[in-house]
Structure formats: C-alpha cells, structure tokens
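Geometric and topological summary
Chain by chain, the residues run as shown.
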Amino acid sequence: MNERLAAIRQEIMNGIEERATSRATAFELRKQFMDSKTGKIGQLMKEMKSIAPEERAAFGKSVNELKEWAMQQFAELDEKMKAKELELRYEREKIDVTMPAEEKETGNLHPITQVRNQIIDVFAGMGFEVFEPKEIENDYYNFTALNTPKDHPARDMQDTFYLSTEFLLATQTSAAQIHAMETKNIPIKMLAPGKVFRSDDDATHSPMFHQMEGLVVDKKITLCDLKGMLDVFVQKIYGEGATTRLRPSYFPFTEPSVEVDVSCFECGGKGCKLCKGTGWIEILGGGIVNKKVLENCGINSDEYSGLAFGIGIERTAMLKYGINNIKLLFESDLRVLKQIDDN
C-alpha cells in the first residue's frame, strides 16, 4: 500500500511538471486526483472497508497525509498559473508610451444635415419653432387643403408615389402648413424640415429629397415681411453681401406667389458661369398664403394673413458648396463628404 501511495505522489509530481501549462490544465490534473467520486485519491478512501480493522487507522492516516500534500501542491500550482497568466496579459497589454499616438479620424455631419441645422438656426433666431412633417400624407393634406385642383398635374401618377387611392408619399412639406394651422394658436411661426418624394431623377433631382417649409400667420403679413426674412436667410447662408429679388410666379396655395432669386455670391452679381451670366440664382418659392387655404383651416382670412416659403435643402447645399450633381449627396463617398465640414 505504501508503494501505491508513493506511486500516486510521483504521478502527481510528474503531472505538475509535464502537463500543467495553464490554469485549465492544472484544474484537469487536480480533478484527476482530488475529485471525490472519480479521483485517484478519492478512490483510495472507498477501499477503507476492504482493509483489515487493525490496519485501517494507519491506512486512513497515510491517505489523509497524501491528500493534504496533494492539496498543497495543487494550491501552489494554481497560484503559479495565475501569476503566469497575469504576466502574459501584462505582456499583451503593454504600451510603449514613447510611441506616437495612433491617429483617429473624426467624423462630421452629412452636408444635408449641416445645411438643415444652419437654416433652422437662422429662422430660430427670428422666433420660428420646428414642426415635424409627415412622410406619408393623405390626399386632403397634401393637395386638397392646399387648394390644388383635382386635375392639377402634380396629382398625376407619374409625379406622385401613391400608396392607395387616399394615401401617398408626401410630395412637399407644404402639407405641414395645414397641420400647423389646424393645431396651433395664432400667431404662428413654424419651420417644417423633412423628406419629400417625387417621381423625378436627374443630375439636379432625386426621387427622395429634403425640403423645409416656412409659415407665418398673423395680422397684416405682407410680401415685405417675406423678403425681409429671406434677405436675412441668404446673408447668413451665402454671405453678408447677398440679397434677394422676387419674381411673379404661381402656386395653388399662395396668392400672390413668387420665385425667389439670390444675388450671385460667386461673382457678386456681375455675371458668371454659376448664374449663367444673369447675376441671379433661383433658390426657392414662396408667397402670401392663399385665403382659401386659411379658410380651409378655419382661420378668418379677413383678419389674418400669412406668408409661406419652401426651401430645397439639397439645392441650398449644392449652391453653397459648389456641388454639380445631387447624387454626390446620396452616394456616401467619403472623398466628397470629408470636404464639407462647417461645424
């Protein structure tokens, strides 16, 4: 029996020296000998009943001494493996503080987001609040309430993405005017930046693009108020020397309606390639809110009047940053996006 105990002791020592290379292998080695059910030392205790009564005390003492010795060996082994693993971890995580720091590129907002924020900042400074428009509208808010006739070309299938006979993808943020006038108290000064959708696709148009609707409703609102606001807008966006001019136009929801031009910020109005030699660049449309639109929202058009304008965010960005193809704003080409950072 003493020879057997000595053999187990030697086997443990050999295992520690040859097999224990990590805490995992040390655990398996410990289990091989110390497990109460399957371990070799645990099995020795089960043999107690086959030992002669007069030898049991000596046998039990020898097994317990072997068990205590083995537990001490495995405890020391575990501490040794912990230290070894910690040393390896320190080696992996070691940092040479004399090495130059790794450069990390910082991102910037998308040009459309930058321009959107700039426009909001301009009009927020004039007391406008932001009103979120809907991307899915019904025919009433998108067309009827805005005084758009049933036979107007804008309602055609080739221009509008219809989801059903009643619902469609919003073709303009102007629908937000109706929601605002139905829910807000006068005076109203609101902006509605959002996505709109039209069946149009070329170098200057996209099936999905961004507009920002502006609306003011109060007493004695005139085109002078519109021009004054837009003069501040173009000066903040295109430079202090910029100014606007209004040209007669037609929109179903405004009367009178105007196209708004900005003086060419490239040539100062002298005439160049950007403005096609005219000194002016068309930037948006607007006008005085049609009385029928006010009345559709339950507003007394004899007491109140309003102005409205719609700004194309992509067009504003393209003019400001010299982008000649709208698709460059949607292709996520970092060579383009990295060049535009006004934050």
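Residues numbered from 1 in each chain as written. Predicted model: local features only at pLDDT ≥ 70, side-chain atom pairs only at ≥ 80, totals over all residues. Heavy atoms only, no water.

1. Topic: the pairing of strand E8 (residues 280-289)
For E8, a buried count of 8 out of 10 residues is recorded, marking the element as mostly surrounded by other parts of the structure. Alignment of strand E7 (residues 254-263) against E8, held across 8 bridges, turns out to be antiparallel. Looking at E8, one finds that Val258 is bridged to Gly286. Here E8 pairs with strand E9 (residues 305-312) via 5 bridges, running antiparallel. Note on E9: the bridge partner recorded for Leu284 is Ile311. (Buried < 20%, exposed > 50% of the residue type's maximum accessible area, 1.4 Å probe, protein only. Helix = DSSP H or I, 4+ residues; strand = E, 2+ residues; numbered from the N terminus. Pairing = 2+ DSSP bridges.)

2. Observations regarding the pattern of salt bridges
Evaluation of the coordinates by the stated rule reveals 13 salt bridges. Here Glu303 makes a salt bridge to Lys219, at a shortest N to O gap of 3.5 Å. Of this pair, Glu303 sits in the loop between helix H9 (291-296) and E9 while Lys219 is found in the loop between strand E5 (208-218) and helix H8 (223-238), placing the two residues 84 residues apart along the sequence. Since its relative accessible area comes to 37%, Glu303 is described here as partly exposed. Exposure remark for Lys219: the relative accessible area of 47% places this residue in the partly exposed category. As a salt-bridge pair, Arg247 and Asp261 come within 2.6 Å of each other at their nearest N and O atoms. On the criterion of sequence distance, the pair formed by Arg247 in strand E6 (residues 244-251) and Asp261 in strand E7 is long-range, its members being 14 residues apart. Residue Arg247 is classed as partly exposed on the basis of its relative accessible area, which comes to 27%. Since its relative accessible area comes to 2%, Asp261 is described here as buried. Through salt bridges with shared partners, a single ionic network connects Arg245, Arg247, Asp261 and Glu282. (Salt bridge = Lys/Arg side-chain N within 4 Å of Asp/Glu carboxyl O.)

3. Quick notes on the confidence of the model for the chain
Per-residue pLDDT for the chain averages 87, and the proportion of residues at 70 or more is 98%. Of all secondary-structure elements in the chain, the lowest mean pLDDT belongs to helix H3 (residues 40-46), at 74, while E9 reaches the highest, 95. (pLDDT = per-residue confidence, 0-100.)

4. Remarks on the nonpolar core
Generally speaking, nonpolar side chains in soluble globular proteins are found buried as a group. Ile119, Phe123, Phe233, Ile283 and Phe309 are the most contacted members of the largest nonpolar core, which has 41 residues in total. Contributing elements (two or more residues each) for this core: helix H5 (111-124), E5, H8, E7, E8, E9 and helix H10 (313-321). Among the elements that line this core, the one with the most residues is H8, at 7 residues. Sequence-distant contacts of Ile283, defined by excluding residues within four places in its chain, comprise Phe233, Val234, Tyr238, Val260, Asp261, Val262, Arg315 and Leu319. If you look at the next biggest cluster of nonpolar residues, it comprises 21 residues, including Met190, Val293, Ile299 and Ala308. (Core = buried A, V, L, I, M, F, W, Y, C linked by side-chain atoms within 4.5 Å. Contact = heavy atoms within 4.5 Å.)

5. Quick word on the packing of aromatic side chains
A complete count under the given rule lists 7 aromatic pairs for this structure. Geometrically, the ring pair formed by Phe251 and Phe253 is stacked, given 6.0 Å between the ring centres and 15° between the ring planes. Grouped by ring-pair contacts, the aromatic residues Phe123, Phe128, Phe233 and Phe309 constitute a single cluster. The ring centre of Trp69 lies 4.6 Å from the NZ or CZ of Arg9, which sits over that ring. (Phe/Tyr/Trp six-rings, centres within 6.5 Å; stacked < 30°, edge-to-face > 60°. Lys NZ or Arg CZ within 6 Å of the ring centre and 35° of its normal.)

6. Here's the deal with the sheet that holds strand E1 (residues 129-130)
Spatial strand order, E1-E4-E5-E9-E8-E7-E6: 7 strands in an open sheet with mixed pairing. Each edge of the open sheet carries a strand with a single partner, namely E1 and E6.

7. Considering unusual backbone geometry
A cis geometry characterises the amide bond from Ile186 onward to Pro187, with omega recorded as 5°. With respect to the helices, strands and loops of the structure, Pro187 is situated in the loop between helix H7 (175-183) and strand E4 (188-197). A cis amide bond links Glu255 to the next residue, Pro256, at an omega of 5°. Within the secondary structure, Pro256 sits in strand E7. Phi is positive for Asn147, which is not a glycine, with a value near 65°. Among the residues examined, Asn147 registers a relative accessible area of 23% and is labelled partly exposed.

8. Side note on the environment of Asp218
Relative to the helices and strands, Asp218 resides in strand E5. Owing to a relative accessible area of 28%, Asp218 belongs among the partly exposed residues under this scheme. Residues Asp218 and Glu303, spaced 85 residues apart in sequence, show a C-alpha to C-alpha distance of 8.5 Å. Residues in contact with Asp218, not counting those within four places in the same chain, are Ile186, Pro187, Tyr304 and Ser305.

9. Structural notes on the environment of Ala20
By the secondary structure assignment, Ala20 is in the loop between helix H1 (2-18) and helix H2 (23-34). Distance in space between the C-alpha atoms of Ala20 and Asp78 is 9.5 Å, their sequence separation being 58 residues. Excluding its chain neighbours within four sequence positions, the residues that come into contact with Ala20 are Gly15, Thr25, Ala26, Leu77 and Met81.

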